[in-house]
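# Summary of structural features
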Amino acid sequence: MERPGAGGMESSECENVSKEKGAFEEEEFEASAMDSLIDMPFATVDIQDECAITDVPHINLERSKENERISKNQIKKKKKKQKDYQPNYFLSIPITNKEITRGIKILQNAIIQQDKQLAKAMISDGSFHITLLVMQLLNEEEVNIGIGALLELKPFIEEILQGEQLILPFQGIDTFGNQVGFVKLAEGDHINPLLEIAETAKRTFQEKGILAGENRGFKPHLTFMKLSKAPWLRKKGVKKIDPEFYEKFISHRFGEEMVHRIDLCSMLKKKQSNGYYHCESSIVIGGLESPSSTILQRYRKDIPSWPSGDKNGGEPDDAELVRLSKRLVENAVLKAVQQYLEETQNKSKPGDGSSVKTQEADRNGTDSDNNRK
C-alpha cells in the first residue's frame, strides 16, 4: 500500500479542516462585528427584546374584547341616562294676547257643556304657552347653569330674527292621539325662524352639559286640555277627546301672538298667583321690554341690593346678575311695582291725591257709624 507523502491529506480530512477553518473565520468575524457595535449608542439595548415578533392575533383579540366591553358599558350608561331622564324644566313662550286666551276659554266652555267631566282636563288661561324645549335640572347649580344658557341664547335669537318681530298666528284645532288637545300654529314664514330658535336653544343647553330635548321632532302647539290632568276620567269611560266636541272650531282663527319673552320655567314648583308657571329667569326679545323689566330698570337706583357692576360704573356681568336674580325678584320687584302702581294711580286722578285720602276717610267714617249702629 502506498503511503501518502509528507503533509498529505485525504479528501475527507481536507473537508474537515476547511470546515473548521471556515467556522473559526466566521466566529472571528462575528466577534469583530460585535466589538464594533459596542461603541454604537444603542449597544446596551436588548435587540432580541426590541425586535421580537409578538403574537399579533392574540393582541388583536384582547383589544377587540376590551373595545367590546367599553362599548357595552357606554350603551348601558346611555340607556340609564335615557331611563333617568325626566324633564322638569322647560323654555316657554307665554301667550299674552287677550284675544287668543278669550277664544280658547270659549272653546273650553263649549267642550265642557258637552261633557262636564272634562272641566278638570282643561288648562287654566294663565298657563297658556308654547314649549320651545324641555330639560332636566336636578339641583340649584344646574338651574343656574340653565339660566346662564338662556342668557347666552339671546344674541343667537336676535341674529336669527335680524331685527324683525316674530308673530305667531293660531288657527284650528288638533290632538295628540286624542289625549292632548291643542290650538294649531298656522303655516307661514314664521315657522322657519321658530324652528331655528328651538334648535339653537337645544344645542346651547346641551353644550352646557344639560340633558335637554326629546326624541320626537319639535312641533309647536298651544295646549288647551289634556286627559292626563284627570286620570280618573279613564275609569269613568272617558278614554279620548271626541272630535265632535271641537268640530265648530276646527278652522277657527284665534289671533296672533307677538313673541316678546322666553322664560325658563319649572314644571313642578308652585305656580304664580296668575296661574303661570314658576319662572327662574327670562330674556326679552324683539326689542320689547316687559313691564317688570321696565319697572326694575326705572327704580334700580332705589334698590340697595342691586349689583353695582365694575369699578368704572359699568353694567354688572351676567354671572353676577344670575347670582342675585332671585333675591332681586323676591324683594325688589314687589317694592318697585307697588311704588309704580301708586304713582300711576295718583297721576290718573286730579289734584295731589287728596281725593283718594278723603274717600278713604269717608269710608272709615261710614264704617265707624255702622259699627255704632
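Residues numbered from 1 in each chain as written. Predicted model: local features only at pLDDT ≥ 70, side-chain atom pairs only at ≥ 80, totals over all residues. Heavy atoms only, no water.

The cut-off we apply is this: UniProt positions are given in the numbering used here, feature names are shortened, and annotations may be inferred rather than shown by experiment.
An unreviewed UniProt entry annotates the protein chain as A-kinase anchoring protein 7 isoform X2 of Acinonyx jubatus. Turning to the protein chain, the UniProt annotation filed under Subunit (unreviewed entry) states: "Binds cAMP-dependent protein kinase (PKA). Interacts with PRKCA; only the cytoplasmic form is capable of interacting with PRKCA."

### Remarks on the packing of aromatic side chains
Quick note on the threshold: Whether two aromatic rings pair depends on their centres lying within 6.5 Å, for rings of Phe, Tyr and Trp, where Trp uses its six-membered ring; planes under 30 degrees apart make the pair stacked, over 60 edge-to-face, and the rest tilted. Between buried and exposed lies partly exposed: a residue is buried under 20% and exposed over 50% of the maximum accessible area for its type, with that area taken using a 1.4 Å probe on protein chains only.
Applying the stated criterion across every chain yields a total of three aromatic pairs. Ring centres 6.0 Å apart and planes at 75° place the aromatic pair Tyr 276 and Tyr 277 in the edge-to-face group. Residue Tyr 276 is classed as buried on the basis of its relative accessible area of 6%. A relative accessible area of 14% means that Tyr 277 is categorised as buried. An aromatic cluster of at least three residues, connected via ring pairs, comprises Phe 90, Tyr 276 and Tyr 277.

### Points about helix H6 (residues 191-207)
The line we're drawing: In this description a helix means any DSSP run of H or I spanning at least four residues, a strand means any run of E spanning at least two, and both kinds are numbered starting from the N terminus. Here a helix's expected span is defined as the number of its residues, less one, multiplied by 1.5 Å.
The end-to-end C-alpha distance of H6, which contains 17 residues, comes to 24 Å, matching closely the 24 Å that a straight helix rising 1.5 Å per residue would cover. Looking only at H6, the buried set comprises Ile 191, Pro 193, Leu 194, Ile 197, Ala 198, Thr 200, Ala 201, Thr 204 and Phe 205. Following H6 by one or two positions, Gly 209 has its phi on the positive side, about 85°.

### Some points on the sheet that holds strand E5 (residues 211-212)
As a reminder, the rule being used: Strands are treated as partners if at least two bridges between them are detected by DSSP.
The strand order E5-E2-E1-E8-E9 describes an open sheet built from five strands, whose pairing is antiparallel. Either end of the sheet is taken by a strand with one partner, and the two such strands are E5 and strand E9 (279-284). Here strand E1 (residues 89-94) runs beside strand E2 (residues 129-136); their pairing, made up of six bridges, is antiparallel. Residue pairing in the sheet places Ser 92 in a bridge with Thr 131 of E2.

### A closer look at the packing of helix H5 (residues 140-161) against H6
The relative placement of two packed helices comes down to the angle between their axes together with the axis-to-axis distance. The condition that has to hold: Only the stretch in contact is used when a helix axis is fitted, and all axes are lines through C-alpha atoms; the angle between N-to-C directions ranges over 0 to 180 degrees. For any pair of crossing helices, the crossing counts as left-handed if the nearer helix is rotated counterclockwise from the farther one by less than a right angle, and right-handed if it is rotated clockwise. Contacts are residue-level and defined by heavy atoms, with any inter-residue pair within 4.5 Å sufficient. When residues are sorted by character, Ala, Val, Leu, Ile, Met, Phe, Trp, Tyr, Cys and Pro go into the nonpolar class, Asp, Glu, Lys and Arg into the charged class, and all the rest, Gly among them, into the polar class.
Axis separation between H5 and H6 bottoms out at 9 Å; the angle between their running directions is 145°. Note that H5 runs across H6; the crossing there is right-handed. Between H5 and H6, the residues in contact are Gly 146, Ala 149, Leu 150, Glu 152, Leu 153, Phe 156, Ile 157, Ile 160 and Leu 161 and Pro 193, Glu 196, Ile 197, Thr 200, Ala 201, Thr 204 and Phe 205, respectively. Grouping the constituent residues of the contact of H5 with H6 by class yields 11 nonpolar, three polar and two charged.

### Section: the pattern of salt bridges
Test applied: By salt bridge we mean one thing: a side-chain nitrogen of Lys or Arg within 4 Å of a carboxyl oxygen of Asp or Glu.
Summed over the entire model, instances satisfying the criterion amount to three salt bridges. Notably, a salt bridge pairs Glu 152 with Lys 208, separated by 2.6 Å at the nearest N-O pair. Taken together, the positions of Glu 152 in helix H5 and Lys 208 in the loop between H6 and E5 put the pair 56 residues apart, joining distant regions of the chain. Taking relative accessible area as the criterion, Glu 152 reaches 38% and is therefore assigned partly exposed. Judged by its relative accessible area of 35%, Lys 208 is partly exposed. We note a salt bridge from Glu 280 to Lys 269, for which the minimum N-O separation is 2.8 Å. Placement of Glu 280 in strand E9 and of Lys 269 in the loop between strand E8 (261-266) and E9 is noted, with a sequence separation of 11 residues between them.

### Some thoughts on the sheet that holds strand E7 (residues 253-258)
Reading across the sheet, the four strands line up as E6-E4-E3-E7 and stay open at both edges, with antiparallel pairing between neighbours. The open sheet is flanked by strand E6 (221-226) and E7, the only strands paired with a single partner. For this sheet, the mean inter-axis angle between neighbouring strands, taken without regard to orientation, is 35°. Sheet topology note: the strand E4 (residues 180-185)/E6 ladder contains five bridges and is antiparallel. For Val 180, the partnering residue across the bridge sits in E6 and is Lys 226. Along the sheet face, helix H4 (residues 98-114) touches strand E3 (167-176), E4, E6 and E7 and points at about 145° away from the line of E7.

### A few points about the nonpolar core
Quick reminder of the rule: Grouping buried Ala, Val, Leu, Ile, Met, Phe, Trp, Tyr and Cys residues that are joined through side-chain atoms within 4.5 Å yields what is termed a nonpolar core.
The biggest cluster of nonpolar side chains holds 57 residues, and the ones touching the most others in it are Leu 91, Met 135 and Phe 170. A per-element tally of this core places H5 first, with eight residues. With residues up to four places along the chain from it excluded, the contact list for Leu 91 reads Ile 130, Thr 131, Leu 132, Leu 133, Met 135, Leu 150, Leu 153, Ala 201, Phe 205, Ile 262, Asp 263 and Leu 264. In terms of nonpolar packing, the next biggest core, distinct from the first, is built from six residues, Tyr 85, Phe 90, Val 134 and Tyr 277 among them.

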